[in-house]
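Architecture at a glance
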Amino acid sequence: MKLILLGPPGSGKGTVAEKLEKEFGWFHLSAGAVLREEVEKKTSLGKEIKKYIDKGNLVPDQLVTEIVKMELQGKNDFILDGFPRTVQQAEAMRGVKVDTILHLDLSENAAIKRFAGRRKCPKGHGYHLIYLPPKKKGKCDVDGLPLSRRVDDEPKVVKERFKIYHRQTAPVAEYYKKKKKLIMVDANGTPEEVYQRVKKKLKK
Ligand code: AP5
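Read on for an overview of the structure. Worth saying up front: this structure is predicted, and the values here are computed from it rather than measured.

By size, the foremost hydrophobic cluster in this structure holds 26 residues, and its most contacted members are Leu6, Leu80 and Tyr176. Counting only elements with at least two residues in this core, the list comes to strand E1 (2-6), helix H2 (31-40), helix H3 (44-55), helix H4 (61-72), strand E3 (78-81) and helix H7 (155-178). When sequence neighbours within four positions are dropped, the list of residues in contact with Tyr176 reads Ile4, Leu6, Pro84, Ala90, Ile101, Lys181 and Leu182. Counting residues in hydrophobic clusters, the runner-up holds 20 residues, among them Leu5, Ala111, Val194 and Leu202.

Here is the structure:
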């Protein structure tokens, strides 16, 4: 399976991808997580990337595309979450065979409600204080590492991320729609309900 997950910030791409990875063993590549890992390393590249992420802006196309293509090398099954995010990135993916493109459909208001409770561990496993709580308070179920809030989940930055989404990422959905490759999934409901809907679409 070679799958692309599209959708606005907070629509649940990471949550669905984690579940698919756990059940089917497909490689989950979150563009945001890979970029945040580079930031954590405090390399000069990481410092450059941080400037974009902290403001809610997109990291330059060429840089992200190179990183993603490198990470995908030799992978037969993958879930791409958060890439492509611009039409230029989608064009750069043309040589890569993709089976399905799912778009998680959620209103901006519903997505914003999810940000306040989001917590992440340093390795990228995601939780929500109400909808997807960890078993032990403040600790990741998978690796026991402490959970924290993302800098770009601050309301001001979230607003900017949505602006960018409408301007630069929504056209990617249109791009795939014109190619008749896009499958819409209603992303309202509990994480499990959305996951079951995704699996149904994939079975079809
Ligand atoms: P990235 O990390 O990709 O952020 P995003 O796309 O804005 O997506 P999110 O991670 O915020 O949301 P999600 O859809 O994965 O939802 P989640 O499952 O976490 O990118 C961050 C930054 O990196 C970008 O702003 C940019 O700077 C840079 N970047 C990344 N990719 C790039 C690219 N291709 N080009 C250039 N720059 C790039 O869910 C959200 C919360 O809701 C969680 O707490 C979750 O537990 C909860 N939740 C999930 N599903 C449900 C549900 N059904 N009901 C209730 N709660 C739910």
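Let's pick the thread back up.
For the rest of this paragraph, the subject is the pairing of strand E4 (residues 100-105). Burial of E4 is extensive: five of the six residues sit out of reach of the surface. Summarising the sheet, E4 and strand E7 (residues 182-186) pair through five bridges and their orientation is parallel. The residue bridging His103 from the neighbouring strand is Met184, located in E7.

On to the site of the ligand. Neighbouring the ligand are 35 residues; Thr15, Asn57, Arg85, Arg118 and Arg161 lie closest to it. Separating an oxygen atom of the ligand from a backbone N or O atom of Gly14 is a distance of 2.9 Å. One nitrogen or oxygen atom from the side chain of Arg36 is found 2.9 Å from an oxygen atom belonging to the ligand. Considering the ligand on its own, with 1000 Å² of exposed area, one finds that the protein chains cover 97% of that surface. For the shell around the ligand, the elements supplying multiple residues, two or more each, are helix H1 (13-24), H2, helix H6 (108-115), strand E6 (126-128) and helix H8 (191-203). When its residues are assigned to classes, the shell around the ligand shows 15 nonpolar, 12 polar and eight charged.

Here is what the cut-offs are and how they apply
- All residue numbers refer to positions counted from 1 along the written sequence of the respective chain.
- Per-residue local features of the predicted model are confined to residues with pLDDT of at least 70, and side-chain atom pairs are confined, for both listing and counting, to 80 or more; whole-chain, interface and lining totals are unaffected and use all residues.
- With hydrogens and water set aside, each side-chain value is computed from the structure's full complement of heavy atoms.
- Nine residue types can take part in a nonpolar core, namely buried Ala, Val, Leu, Ile, Met, Phe, Trp, Tyr and Cys, and a core is a set of them joined through side-chain atoms within 4.5 Å.
- Think of it in three bands: with a 1.4 Å probe and only protein chains considered, a residue is buried below 20% of the maximum accessible area for its type, exposed above 50%, and partly exposed in between.
- The numbering of helices and of strands both runs from the N terminus, where a helix is a DSSP run of H or I of at least 4 residues and a strand a run of E of at least 2.
- Contact criterion: two residues are considered in contact whenever any of their non-hydrogen atoms come within 4.5 Å of each other.
- Should DSSP find at least two bridges between two strands, the strands are regarded as paired.
- The near set for a molecule or strand comprises every residue that places at least one heavy atom within 4 Å of it.
- Identification of polar contacts relies on pairs of N or O atoms within 3.5 Å, with a donor-acceptor requirement for protein atoms, meaning one able to donate a hydrogen and the other able to accept it, and with residues adjacent in sequence counted only if both atoms are side-chain atoms.
- All accessible areas in this document rest on Shrake-Rupley with a 1.4 Å probe, and a residue is counted as covered only by the protein chains that are shown.
- Three categories are distinguished: nonpolar for Ala, Val, Leu, Ile, Met, Phe, Trp, Tyr, Cys and Pro, charged for Asp, Glu, Lys and Arg, and polar for the others, with Gly belonging to the last.

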